[in-house]
Structures are given as C-alpha cells and as structure tokens.
Amino acid sequence: MSSSTSVRTARRRTVRVAAAALLAAAGLTLTACAGSDAADARSAGRTNTGAAASESTASGWSGLQSTDAKADVLGKQSGGAHAAKAASPVRTQRLADGISKAEIYRLGDQHYRAKIVARGSVLATLETKGHDDGLDANDMFVTLTLDGQVHSWMGGGHQGPGTFKLAGGWTAKVTKVGELRYRAQIIGHDGVAATLETNQHDAGLDANGIHIVLSSGGVISAHA
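Residues numbered from 1 in each chain as written. Predicted model: local features only at pLDDT ≥ 70, side-chain atom pairs only at ≥ 80, totals over all residues. Heavy atoms only, no water.

Caption draft 1: Structural view of the overall build of the protein. In terms of helices and strands, the protein carries two helices and 15 strands. Counting every position in the protein, which comprises 224 residues, the buried fraction comes to 27%. Across the protein, the fraction of contacts at a sequence separation of at least 24, relative to all contacts at a separation of at least 6, is 32%. When the accessible area of the protein is evaluated, it comes to approximately 13700 Å², of which 54% is carbon and sulfur surface. (Helix = DSSP H or I, 4+ residues; strand = E, 2+ residues; numbered from the N terminus. Buried < 20%, exposed > 50% of the residue type's maximum accessible area, 1.4 Å probe, protein only. Contact = heavy atoms within 4.5 Å. Areas by Shrake-Rupley, 256 points an atom, 1.4 Å probe, with all protein chains shown as cover.)

Caption draft 2: Broad picture of the sheet that holds strand β5 (residues 133–137). With antiparallel pairing, the three strands of this open sheet are ordered in space as β5-β6-β7. On the outer flanks of this sheet lie β5 and β7 (150–154), each paired with one strand and no other. Strand-to-strand twist in this sheet, taken as the mean axis angle between neighbours without regard to direction, amounts to 15 degrees. As paired strands, β5 and strand β6 (residues 140–144) are joined by five bridges and run antiparallel to one another. Its bridge partner lying in β6, aspartate 133 is registered against leucine 144. (Pairing = 2+ DSSP bridges. Axes fitted to C-alpha atoms, helices over the stretch in contact; angles between N-to-C directions.)

Caption draft 3: Molecular detail of the nonpolar core. Core analysis: the largest hydrophobic core is formed by 17 residues, its most contacted members being Val174, Ile186, Ile212 and Ile220. Contributions of two or more residues to this core are made by β10 (171–178), β11 (181–188), β13 (203–207), β14 (210–214) and β15 (219–223). When near neighbours in sequence (up to four residues on either side) are disregarded, isoleucine 212 contacts Thr143, Trp153, Leu166, Ile186, Leu196, Ala203, Gly204, Leu205, Ala207, Ile220, Ser221 and Ala222. With 13 residues, the next largest nonpolar core counts Tyr112, Ala124, Leu126 and Val150 among its residues. (Core = buried A, V, L, I, M, F, W, Y, C linked by side-chain atoms within 4.5 Å.)

Caption draft 4: Broad picture of the pattern of salt bridges. Per the counting criterion, the structure on display carries four salt bridges. With its nearest N and O atoms 3.0 Å apart, the salt bridge here joins glutamate 127 to arginine 113. You can see glutamate 127 sitting in strand β4 (residues 121–127) and its partner arginine 113 sitting in strand β3 (residues 111–118), a full 14 residues away along the chain. Residue arginine 113 is classed as partly exposed on the basis of its relative accessible area, which comes to 27%. Between glutamate 127 and lysine 129 there is a salt bridge, with its nearest N and O atoms 3.9 Å apart. (Salt bridge = Lys/Arg side-chain N within 4 Å of Asp/Glu carboxyl O.)

Caption draft 5: The arrangement of the environment of glycine 120 in detail. Inspection of the secondary structure puts glycine 120 in the loop between β3 and β4. Separated by 20 residues in the primary sequence, glycine 120 and serine 100 place their C-alpha atoms 9.3 Å from one another.

Caption draft 6: The confidence of the model for the protein, seen in detail. Per-residue pLDDT for the protein averages 75, and the proportion of residues at 70 or more is 62%. Confidence drops under a pLDDT of 50 for residues 1–86, and excluding neighbours within four residues, the segment shows 10 contacts in the predicted structure. (pLDDT = per-residue confidence, 0-100.)

Caption draft 7: Region of the structure containing the environment of lysine 115. Position of lysine 115 among the secondary structure elements: in strand β3. The exposure class assigned to lysine 115 is partly exposed, which follows from its relative accessible area of 27%. Taking the C-alpha atoms as reference points, lysine 115 and leucine 126, separated by 11 residues in sequence, lie 6.5 Å from one another. Look past the residues within four positions of lysine 115 in its chain and what remains in contact with it is Lys101, Ala102, Glu103, Tyr105, Val122, Ala124 and Thr125.

Caption draft 8: Local environment of the environment of lysine 173. Looking at the element boundaries, lysine 173 is found in strand β10. Given a relative accessible area of 40%, lysine 173 falls into the partly exposed group. Measuring from C-alpha to C-alpha, the distance between lysine 173 and glutamine 185 comes to 5.1 Å, with 12 residues separating the pair along the chain. Those residues in contact with lysine 173 that lie beyond four places of it in its chain are Gly162, Thr163, Arg183, Ala184, Gln185 and Ile187.

This is the structure we're talking about:
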C-alpha cells in the first residue's frame, strides 16, 4: 500500500471516529434533556396537585373528592352553626339613653350576660353569677337580674359616703372600705335587708322591684 493510500484510510477512520463521538454526545444530550423534561413534568404535576388541593380547601367541601372528607367538613360547618346559635342573644333591649342597647345572653340557670352596645361597640358587660349585677354608665344606671331582666334609668345618683333615701322607701348607708371599694347597706323597716359592695366593679340589686346600683366610685342610685 502506498503512503498516500494509507493517509486517506487514516483520514476516513478519523472522520468515522469523530462522527461516532458526535452521535454519542448527541445521544447523551438528548437523554439529559429528556430526563430534565420528565423532572419538570413531575414538578409541574406536583405543583398542579398542590394548587388543586389549595383550591379545594379554599372553596369549602365542593372541591373535595372524598365523601368522608365532605361529611367531615359539613360536620364542622354544622358545629359552627350550632355554636353561633348558642352565642346569639335571647333578646335585645333599648336602654334609657336612647342610644345604647343591651344584648342579653342566657348562659345557664339564673346565669345571664348582658352586653351594653352602642354604635357597634361593646362598652360594658354585666353578668349574673348567683347574684344580680349593676352598672353606672356615665349617669345611666343598668341592672341585670338573675332571671335575665334588664332595667335602666338616667340620673338620680347620690355620691357616697353618706346615708341616702332611695325609691321604694329604702335607705342606703354608703361607706368607703378601700380604693374603688364601697359598701352600701340597704335598710328597710326591719333593718338591713341587703348589702352591695364594689371591688373595682359596680354592683346592682333588685330589691322587691326597686333597682339599685352602687358604682365603684361610691355613687348610688335607685329606680322603680
């Protein structure tokens, strides 16, 4: 074989080897791209699944596929509705100032709560816990009795300490017993019939149809 023939043969072999190397490299690149695309597809699938789950959660039970899951959500919604119903006031009553109202809730036997509300805000709360309750709300006096009755009136307060004649023939002897603490003895024909005492909280009483409030500042007022 001549030297020129050997050179041409070597060149053809070199070309074939280079082509084979290019094909192999292309195959690796395609494989890598395919793997990347598959990973992206799997990632997209997970993202879409997460989005679908979020959409199901946001839309309530309508997006859930499981009947048990729907029942569970409906049960929670029903429980919430029962709680809301239980938290609803038994009645609402306009108060003496003509602006505020009392939302009255029944919490149990002889256990009531009254929220004093004005312009959408709760200003004060009264609650009976084995005894009547009362409030001095800027010279509007409010009582809440053990049977859930609310009574309100304007003015008529006496600043203690001192002894004062009240409506219904009652007499109140008001004494100061501490900081924001006053005591009022409610005295009738037969002596002391009841005692009100504040402890940084106003107190109230229904004395045979006469409503009495003693404030933590020592003001006492009564109304029939």
